[in-house]
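Architecture at a glance
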Amino acid sequence: MARPHGNDPAALTGHGAANHRAAGGESRRDLLAKVLAVACGGLATLPPVAAGLWAFLDPLRRTRGAASFLSVADLAAIPDDGMPRQFPVIADRVDAWTGFAAEPVGAVYLSREKGSREVRALSATCPHAGCFIDLEKATQCFRCPCHNSSFTLEGGIVNPSPSPRAMDELECRVGANGQVEVKWQKFRAGVAEKVVQG
Ligand code: FES
């Protein structure tokens, strides 16, 4: 009669077969435990990774934040004869992960009528393609040197002009201290609607 020998499963009987099954079960349990440990370890790292990613992308989100009122001039510096005058807009700028303190980010034309504290603000950025609009005092109009768009002193289009819309008017307020503040916003170029640039 042949005797069971070696690791031949077919040859295992009785206690030998039971031991073999027990060993197989243990190795499967070990494997399952290892898989679970790896999965749990991976899950445990998710919150700190997500938090790190959020902090890393935070400057990108902030650069698209809401516009703020910036102080651009003293009321007394704006002639009260209706003629616009140009003022730089100075702001702290955040460009993705780099901050730039107090530097020019654009310009506005401010005007007011005689004796008035009401100020009108027009962005100096051309709505056509974003060039800088000049004030031509001789011809009493605004002109963009890039493609010759012309605008009235109130910012309306003088046709023919390639600009699809009038100059962009900005919200403006005068503080009790006489400081003129402008809500600095940029708008999408090349479109007829005045759409805030996101
Ligand atoms: S950018 Fe001003 S006319 Fe084209």
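For the structure, check the block above.
All residue numbers refer to positions counted from 1 along the written sequence of the respective chain. A pLDDT threshold of at least 70 governs which residues receive local features in this predicted model, and a stricter bar of 80 or more applies before side-chain atom pairs are shown or counted, although totals over entire chains, interfaces and linings include all residues. Hydrogen atoms and water are omitted, and side-chain values are computed over all heavy atoms in the structure.

Moving on, we get to the packing of aromatic side chains. In this scheme Phe, Tyr and Trp rings, the latter by its six-membered ring, pair at centre separations within 6.5 Å, and the angle between planes marks the pair as stacked below 30 degrees, edge-to-face above 60, and tilted otherwise. Applying the stated criterion across every chain, the model contains 1 aromatic pair. Here Tyr109 and Phe142 contribute two aromatic rings whose centre-to-centre distance is 4.7 Å and whose plane-to-plane angle is 55°, an arrangement assigned as tilted. Highlighted residues: Tyr109 in strand β3 (residues 98–111) and Phe142 in strand β6 (residues 141–143), separated in sequence by 33 residues. Accessibility classification places Tyr109 together with Phe142 in one group, the buried group. Definition used: whenever NZ (Lys) or CZ (Arg) falls within 6 Å of the ring centre and also within 35 degrees of the ring normal, the charge is taken to sit over that ring. If you follow Arg173 out to its NZ or CZ, it ends over the ring of Phe69, 3.8 Å from the centre. Comment: elements are numbered from the N terminus, with helices defined as DSSP H or I runs of at least four residues and strands as E runs of at least two. Three exposure classes are used, based on accessible area relative to the maximum for each residue type with a 1.4 Å probe and protein chains only: buried under 20%, partly exposed in between, and exposed over 50%.

Pairing within the open sheet is antiparallel, and its 4 strands lie in the order β5-β6-β7-β8. Each edge of the sheet is formed by a strand with only one pairing partner; in this case those strands are β5 (134–136) and β8 (157–158). Two strands form a pair only when DSSP identifies at least two bridges running between them. Both strand β7 (residues 150–151) and β8 contribute to a ladder of 2 bridges, which runs antiparallel. Bridge assignment links Ser150 to a residue of β8, and that residue is Val158.

Counting through the fold element by element, Ser111 comes out in strand β3. The class for Ser111 is buried, based on a relative accessible area of 12%. Contacts are assigned to residue pairs with any non-hydrogen atoms lying within 4.5 Å of each other. Apart from residues no more than four positions distant in its own chain, Ser111 is found in contact with Ile78, Gly82, Met83, Pro84, Glu118, Val119 and Arg120.

This next bit is on unusual backbone geometry. Omega for the peptide link from Asn159 to Pro160 comes to 0°, which places this bond in the cis form. Residue position: Pro160 is located in the loop between β8 and β9 (169–170). The phi dihedral of Gln140 falls on the positive side, at around 55°, and the residue is not glycine. In this structure, Gln140 sits in the loop between β5 and β6. Its relative accessible area of 43% is what places Gln140 among the partly exposed residues.

The definition used for a disulfide is geometric: two cysteine sulfur atoms within 2.5 Å. Taken as a whole, this structure holds 1 disulfide when the rule is applied. One disulfide bridge connects Cys131 with Cys146, the sulfur atoms lying 1.9 Å from each other. Its torsion about the S-S bond being -90°, the disulfide of Cys131 and Cys146 is classed as left-handed. Of the two residues, Cys131 sits in the loop between β4 (120–123) and β5 while Cys146 sits in the loop between β6 and β7, which places them 15 residues apart along the sequence. Classification of Cys131 by relative accessible area gives partly exposed; the value is 22%. Classification of Cys146 as partly exposed rests on a relative accessible area of 37%.

In this section: the nonpolar core. Nonpolar cores were defined as sets of buried Ala, Val, Leu, Ile, Met, Phe, Trp, Tyr and Cys residues, with membership established by side-chain atoms within 4.5 Å. Among the nonpolar cores identified, the biggest contains 18 residues, and Val72, Val108 and Leu110 are the most heavily contacted of them. Look past the residues within four positions of Leu110 in its chain and what remains in contact with it is Val72, Ala73, Ile78, Met83, Pro84, Arg85, Phe87, Val119, Arg120, Ala121, Val180 and Val182. Residues Tyr109, Ala124, Cys126 and Cys144 belong to the second largest nonpolar core, which totals 10 residues.

Let us now look at the pattern of salt bridges. The salt bridge criterion pairs a side-chain nitrogen of Lys or Arg with a carboxyl oxygen of Asp or Glu, the two atoms within 4 Å. Enumeration over the complete set of coordinates arrives at 6 salt bridges. Its salt-bridge partner being Lys114, residue Asp80 comes within 3.9 Å of it at the nearest N-O pair. Highlighted residues: Asp80 in the loop between β1 (69–74) and β2 (85–95) and Lys114 in the loop between β3 and β4, separated in sequence by 34 residues. A relative accessible area of 26% places Asp80 in the partly exposed class. Between Arg173 and Glu181 there is a salt bridge, with its nearest N and O atoms 2.7 Å apart. Classification of Arg173 as partly exposed rests on a relative accessible area of 43%.

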